[in-house]
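# Tertiary structure, described
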Amino acid sequence: MPILDIEGIDKRFGGLKVIDDVTLGVDDGEILAVVGPNGAGKSTLLKLIVGLEEPTAGTIRFGGRDITPLPAHRIRQLGIAMVEQTPRPFPTMTVLENVAVGALFGSPNGMPTEGAALATGEEMLTFVGLEDRKDDHIDSLNLHEQRFLELARALAGRPRLLLLDEVMAGLNDAELQASIRMVRTIRDELGVTVIWIEHVMAAVVELAERVVVLDFGRIIADGTPETVMRDPRVVEAYLGAMAGGTDA
Ligand SMILES: Nc1ncnc2c1ncn2[C@@H]1O[C@H](COP(=O)(O)OP(=O)(O)OP(=O)(O)O)[C@@H](O)[C@H]1O
Ligand SMILES: [Mg+2]
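Residues numbered from 1 in each chain as written. Chains lettered and ligands numbered in written order. Predicted model: local features only at pLDDT ≥ 70, side-chain atom pairs only at ≥ 80, totals over all residues.

## Comments concerning the overall build of the protein chain
When helices and strands are counted, the protein chain shows nine helices and ten strands. At 18 Å, the protein chain has a C-alpha radius of gyration in line with the 18 Å of a compact globule built from 248 residues. In terms of principal-axis extent, the alpha carbons of the protein chain reach across some 50 × 40 × 35 Å. Taking all 248 residues of the protein chain together, 40% fall into the buried category. In the protein chain, the share of contacts with a sequence separation of at least 24, taken over all contacts with a separation of at least 6, comes to 67%. (Helix = DSSP H or I, 4+ residues; strand = E, 2+ residues; numbered from the N terminus. Rg over C-alpha atoms; globule rule 2.2 N^0.38 Å. Buried ≥ 20, exposed ≤ 12 C-beta atoms within 10 Å, placed from the backbone. Contact = placed C-beta atoms within 7 Å.)

And the structure:
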């Protein structure tokens, strides 16, 4: 049984249909990449899953349970976490405090004590290799470290499903490789299912077991990176658009 089961969802913003009849099943433990041109609806799809937006039609099930009408904080407690395309860390808090917030509001068994949240925060900072930076100010982290901080914060709620929106954009080659290894480790060691939006095609080919291509809010291809990248519809819709020069 899939851990996530999306059936016939639509999302309209006014007259604009941004997600158009998307049906998608994601298996427990999968690493699924979502790709597509700018404005295709990728971020909106993830926001619908975590309840930051509500679909205008269709059903989303998580672990067999209908989560479509639930508010975002309930969905987070049920075990779905997201790193948004434009993260908003708490600038006055330390690195550790930022991660502990993820434990406070994401935990499945009600809100933990402050001490327990800080302990979970330390554990997750160690997991992503930022334990030495725990007392530092957010501003002292570079882009790569900020992205890992966001991963730690999302993981602090102990999700079963992790949604990542372009967390590899703007990284250098070494940082990109470290990020690919980190996502794989999150799946392998924590058993977390990952859905991840990515523009860097080399990373998709290296990391994804399955790729879904969105174009104008519709899924136009679904398969292994190798087959999807060779699909003529994808070459036309996606790689054609990328030739316009938005790739990292
Ligand atoms: N809150 C909103 N209100 C109105 N329109 C929106 C809203 N959010 C997104 N859109 C529109 O929906 C479409 C899809 O946006 P979305 O952010 O999901 O695309 P995307 O595939 O993530 O693009 P990118 O690769 O640039 O991040 C765009 O046309 C966007 O302008
Ligand atoms: Mg987006």
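Resuming the write-up.
## Examining the site of ligand 1
Taken together, the neighbourhood of ligand 1 is formed by Phe 13, Val 18, Gly 36, Asn 38, Gly 39, Ala 40, Gly 41, Lys 42, Ser 43, Thr 44 and Gln 85. Looking at the shell around ligand 1, the element that brings in the most residues is helix α1 (residues 42-50), giving three residues. Its residues assigned to classes, the shell around ligand 1 comprises three nonpolar, seven polar and one charged. (Near = placed C-beta within 6 Å. Nonpolar A, V, L, I, M, F, W, Y, C, P; charged D, E, K, R; others polar.)

## Some words on the sheet that holds strand β4 (residues 57-62)
As summarised here, the arrangement of the four strands in space is β2-β1-β4-β5, forming an open sheet in which the pairing is antiparallel. Every other strand in the sheet has two partners, leaving β2 (16-26) and β5 (65-66) as the edge strands with one partner each. Pairing geometry for strand β1 (residues 4-13) and β4, over five bridges, is antiparallel. Opposite Glu 7, over in β4, you have Thr 59 as the bridge partner. Strands β1, β2 and β4 of the sheet are contacted by α1, whose axis makes an angle of about 65 degrees with β2. (Pairing = 2+ DSSP bridges. Axes fitted to C-alpha atoms, helices over the stretch in contact; angles between N-to-C directions.)

## Quick look at the packing of helix α5 (residues 143-155) against helix α6 (residues 173-190)
The contact between α5 and α6 brings their axes to 11 Å, and the two run at 10 degrees. It follows from the interaxial angle that α5 and α6 lie roughly parallel. Residue-level inspection shows His 144, Arg 147, Phe 148, Leu 151 and Leu 155 of α5 in contact with α6, the latter providing Glu 175, Ser 179, Met 182, Ile 186 and Leu 190. Taken together, the residues of the contact of α5 with α6 break down into six nonpolar, two polar and two charged. (Parallel < 35°, antiparallel > 145°, perpendicular 65-115°, else oblique.)

## Quick look at helix α4 (residues 114-128)
In an α-helix there are 3.6 residues to a turn, and that puts residues three or four apart on one side. With 15 residues, α4 should cover 21 Å at 1.5 Å per step; its first-to-last C-alpha distance of 21 Å lies within 8% of that length. Contact partners of the buried residues in α4: α3 (95-106), α5 and α6. Once α4 finishes, Gly 129 follows within two positions and takes phi at roughly 85 degrees, a positive value. (Expected span 1.5 Å × (residues − 1).)

## Quick word on unusual backbone geometry
Even without being a glycine, Arg 158 presents a positive backbone phi close to 50 degrees. Along the chain, Arg 158 falls in the loop between α5 and β7 (161-165). Residue Arg 158 is classed as partly exposed on the basis of its 18 C-beta neighbours within 10 Å. Even without being glycine, Phe 216 reaches a positive phi, approximately 50 degrees. For Phe 216, a count of 15 C-beta atoms within 10 Å translates into the label partly exposed.

## Some words on the nonpolar core
Val 99, Ala 152, Leu 162, Leu 163, Val 194 and Val 213 are the most contacted members of the largest nonpolar core, which totals 70 residues. Among the elements that take part in this core, α5 stands out by supplying six residues, more than any other. (Core = buried A, V, L, I, M, F, W, Y, C linked by C-beta atoms within 7 Å.)

## Observations regarding the sheet that holds strand β3 (residues 31-35)
One open sheet accounts for six strands, arranged β6-β7-β8-β3-β9-β10; its pairing is mixed. Strand pairing shows two members of the sheet lacking a second neighbour, β6 (80-83) and β10 (218-223), which therefore form its edges. Averaged over neighbouring strand pairs, the angle between their axes works out to 20 degrees when direction is ignored. One ladder, built from four bridges, connects β3 with strand β8 (residues 193-197); its direction is parallel. Across the sheet, the residue bridging to Leu 32 is Ile 195, located in β8. With respect to the sheet, α1 is in contact with β3, β6, β7, β8 and β9 (210-215), its orientation differing from that of β7 by roughly 150 degrees.

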